[in-house]
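Analysis of the macromolecular model
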Amino acid sequence: MATYHLKCFWGLWLAFSLYFIHSTSTSHVYIVYLGINQFHDPILTSKFHLQVLSDVFASEEDAKRCILYSYRNSFSGFSAKLNSSQATTLAKMENVVSVFRSKILKLHTTRSWDFLGLPLYDSEVTPLQLTYGHDVVVGIFDTGIWPESESFQEKPGMGPIPSSWKGVCVKGEKFEPAKACNRKLIGARYYLKGFEQAFGPLNTSGNPEYRSARDFLGHGTHTASTAAGSIVKSAGFFGIGEGIARGGAPWARVAVYKICWGKNRVGRCTEADILAAFDDALHDGVHVISASFGATPPLSPFFASSADIGSFHAMQLGITAVFSAGNDGPDPSLVQNVAPWSICVAASTIDRSFPTEIVLDSNFSIMGESIISKEIKGKLANAVTYFVNGVCNLGNWKQKLATGKIVLCFYIPGLVFEMAQEAVKTANGLGLIFAEPLTKPIAEVEDTIPTVHVDISQGTIIGNYLAESPKLPLVRIAPSKTIIGKSPAPTVVYFSSRGPSSISPDILKPDITAPGINILAAWPCQTPPTLRPGDNRSVKWNFQSGTSMSCPHVSGVVALVKSVHPDWSPAAIRSAIMTSAYTRDTSHDSILAGGSVAGSSPFDIGAGHINPLRAIDPGLIYDMKTSDYILFLCNMGYTQERIKRMVLPSPGVDTSCEHVVKTNANVNYPSISISNLQSTMTIKRTLRNVGWKKNAIYFGTTKEPDGVAVVIWPRVLIFSPLKQDISYYVTLKPLKKSQGRYDFGEIVWSDGFHYVRSPLVVLVNTAADSTVRSTI
């Protein structure tokens, strides 16, 4: 590795001398994106990449030594070690769309399918999950896979691998393709060059990992089984959450692309590796890509992001890319993965809870939430005894041992329960009762120390009882139970990242919400459920939470929809999922926004909660053509020349940008978002009838945002076999003086059976200054 760096250094130094580039010798991995592949030949494309790169090096040999990947199958570009001056020089070249640093992204870390209306055996007809999905390939971009899991074994009746599949299973450490892959798991690749450039050679001894597609962190195994795992009976976690496990599309095929690696047991993913995976996956023949990673805002421009570049080319090939929204909620504008050509998924709860009884002195009990498999008995103690001011973190520890004590700790801003767990464990405590705001208590897998979550009012009752007791009360924590159907659901989880989009507010993100809390799915049996070195438990199933878990739920539904409607575009599939979503919980109240005690808005849930059965038959769809994306890119300031380099040539496609600036609210998106309504404006939408009845009449209704008059015309859409696409217009007029405030409404089209709903998001800005438009 030292020789490698030395050669790269001398290549850079000579390039500076030859081209009079003055800068430091510090180099980083950059991605040079060139748009569509002009050569349609991988070998010629790679030679062209080397030729371009050689322009900033002294020789072709130096350029070869510093290149990581040549993206040559599905689009054109490369990643290489460059300094900032070389990157700037490349960015000015005529054929280059963008040049950007390869950033480090992070992971967004089954009763859920019954809750979504896809039971296996309660229906008299053949369940949807057993009928469809056979020839759909779901690509999982994650930490790899544990191939021995029952979730990835082929089942009787599974047909041969689709003839369109071009992918492979790559041999690696403890991963033998002949044993690991089958008719279910049909592809496995891994990408390590970007990670090793960022963090050094992969350490597989002190830092458990596998130099192969095999998964150690568990995240990839979990998401893959959630999206498309086979049907497995008797799944559970030490008797908790027992039932039948399966993915959303249990008959779909799985292809894994390991792009995230463990660094100190935390997943890290580099953009250079991610783009290499996209390049292969699109060529391999996946139909769906499920990717649960991202970066906290500020967001990069769309074509300075590997995820956005890869998903843009996926969209052009008819491949749907599904991303997680991120775990940075509940503050607004922190949603990630906001490109209009992909699906962005928020996280919400299901109607399963894990009540855990806390009994004090056998006098009374309080019900908390936890995932604890064994009874715990000890004495209740106040945090102030062991921690300065009762704040449970290591910095406040008084060096007093809490042996045999179950410590009551309270949340304060900046203190998360993991910090309290670590502090109480260090003090040798027996257990932790963690009191936190009403919307935060979420059961977690028993981690460093058994923990029961209660809300602040419950914690206050426990604290008052402790204060009034003449001696430390005895406390008994019972094993957790599994209760279904007793708690209103869904509720948006407090950590789920919220809109509006910080880079394109006229496109509503997230698009949809799906289950993401305490999802039980497959797990590597040699990886402890908490990932901690001291945890010696071996499990085949594990609970995980995050938008990482909600994302594969939607990916599984996309696979089902794609199987039923193989000719639908990614935009059509997204529309079907969004317009069929629901916005009421199981108690028929509005979906609660976690992190508050109020109802949710489209910035929390997008169009609503996913409804797979309705998505299969949405009635109408908002499809998007290449021209819609060109309009979007023009409005975002991309020049005609750059757009032409990125868009696949097609008859009738005009990549020119008109001089008149239009709002992106006119893009034919299933939701309507207007971030700057200063005066009356009219926007257009086009609907296509995809219902079984070609003759159909739909009636439109509106729910107006506060302070906005909304008129749709026409109010009746009459479809016939000769007229399956109909446009309508929405005129919005501000009725109030306002600034910086969003209001929400909706537009619904119905034929009496289908309800095609679009959220309407409007910011009345009658006192705002005009915005500045830049050219990218």
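Residues numbered from 1 in each chain as written. Predicted model: local features only at pLDDT ≥ 70, side-chain atom pairs only at ≥ 80, totals over all residues. Heavy atoms only, no water.

Identification of the protein chain as Subtilisin-like protease SBT3.18 from Theobroma cacao is taken from an unreviewed UniProt entry.

A few points about the packing of helix H9 (residues 219-228) against helix H14 (residues 547-564)
Running from N to C, H9 and H14 cross one another at 35°; their axes reach a closest spacing of 7 Å. Crossing angle aside, the handedness with which H9 passes H14 is right-handed. Note on element contacts: H14 touches H9 through Ser548, Met549, Pro552, His553, Ser555 and Gly556, opposite His219, His222, Thr223, Thr226 and Ala227. Its residues assigned to classes, the contact of H9 with H14 comprises 3 nonpolar, 8 polar and no charged. (Axes fitted to C-alpha atoms, helices over the stretch in contact; angles between N-to-C directions. Helix = DSSP H or I, 4+ residues; strand = E, 2+ residues; numbered from the N terminus. Left-handed = near helix turned anticlockwise from the far one by under 90°. Contact = heavy atoms within 4.5 Å. Nonpolar A, V, L, I, M, F, W, Y, C, P; charged D, E, K, R; others polar.)

Let's talk about the UniProt feature "domain: Subtilisin-like protease fibronectin type-III" (unreviewed entry) in the protein chain
Sites flagged by UniProt as "domain: Subtilisin-like protease fibronectin type-III" (unreviewed entry) map to residues 666-762. Within the segment residues 666-762, helix and strand shares are 0% and 62% respectively, and the terminal C-alpha atoms sit 14 Å apart. (UniProt positions renumbered as here; feature names shortened; annotations may be inferred.)

Structural notes on the pattern of salt bridges
Taken as a whole, this structure holds 23 salt bridges when the rule is applied. Close ionic contact of arginine 189 with aspartate 280 constitutes a salt bridge, the shortest N to O distance being 3.8 Å. Taken together, the residues span a long stretch of sequence, with arginine 189 in strand S7 (residues 185-190) and aspartate 280 in helix H10 (residues 271-284) at a distance of 91 residues. On the accessibility criterion, aspartate 280 (15% relative accessible area) is buried. Where arginine 688 meets aspartate 725, a salt bridge forms, and the shortest distance between an N and an O atom there is 3.0 Å. Here arginine 688, found in strand S33 (residues 681-689), pairs with aspartate 725, found in strand S37 (residues 725-734); they are 37 residues apart in sequence, far enough to count as distant. Since its relative accessible area comes to 40%, aspartate 725 is described here as partly exposed. (Salt bridge = Lys/Arg side-chain N within 4 Å of Asp/Glu carboxyl O. Buried < 20%, exposed > 50% of the residue type's maximum accessible area, 1.4 Å probe, protein only.)

Considering the nonpolar core
The biggest cluster of nonpolar side chains holds 67 residues, and the ones touching the most others in it are Phe141, Phe293, Phe303 and Trp341. If we skip the residues at most four places from it in the chain, phenylalanine 141 touches Tyr257, Ile259, Ile274, Ala277, Phe278, Ala281, Ile289, Ser290, Ala291, Ser292 and Phe293. (Core = buried A, V, L, I, M, F, W, Y, C linked by side-chain atoms within 4.5 Å.)

Some remarks on the UniProt feature "active site" (unreviewed entry) in the protein chain
Per the UniProt record, "active site" (unreviewed entry) is found at Asp142, His219 and Ser548. The annotated residues occupy 407 residues of the chain but converge on a single region, no pair of C-alpha atoms lying more than 9.9 Å apart. On the basis of relative accessible area, aspartate 142 is assigned to the buried category, the value being 1%. Leave out the neighbours within four places in its chain, and aspartate 142 touches Leu107, His219, Gly220, Thr223, Tyr257, Lys258, Ile259, Cys260 and Ser292. Side-chain polar atoms of aspartate 142 contact the backbone nitrogen of glycine 220, separated by 3.2 Å. By relative accessible area, which is 3% here, histidine 219 ends up buried. (Polar contact = N/O pair within 3.5 Å; in protein donor to acceptor, adjacent residues only side chain to side chain.)

A word on a nonpolar patch on the surface
Where nonpolar side chains cluster on the molecular surface, the patch consists of Ile697, Phe699, Val716 and Ile718 and spans about 370 Å² of accessible area. For the nonpolar patch, the secondary structure elements donating two or more residues are strand S34 (696-703) and strand S36 (716-719). The topology assignment puts isoleucine 697 in strand S34. (Patch = residues over 30% accessible without salt bridge, like charges linked within 9 Å, V, L, I, M, F, W, Y side chains within 5 Å. Areas by Shrake-Rupley, 256 points an atom, 1.4 Å probe, with all protein chains shown as cover.)

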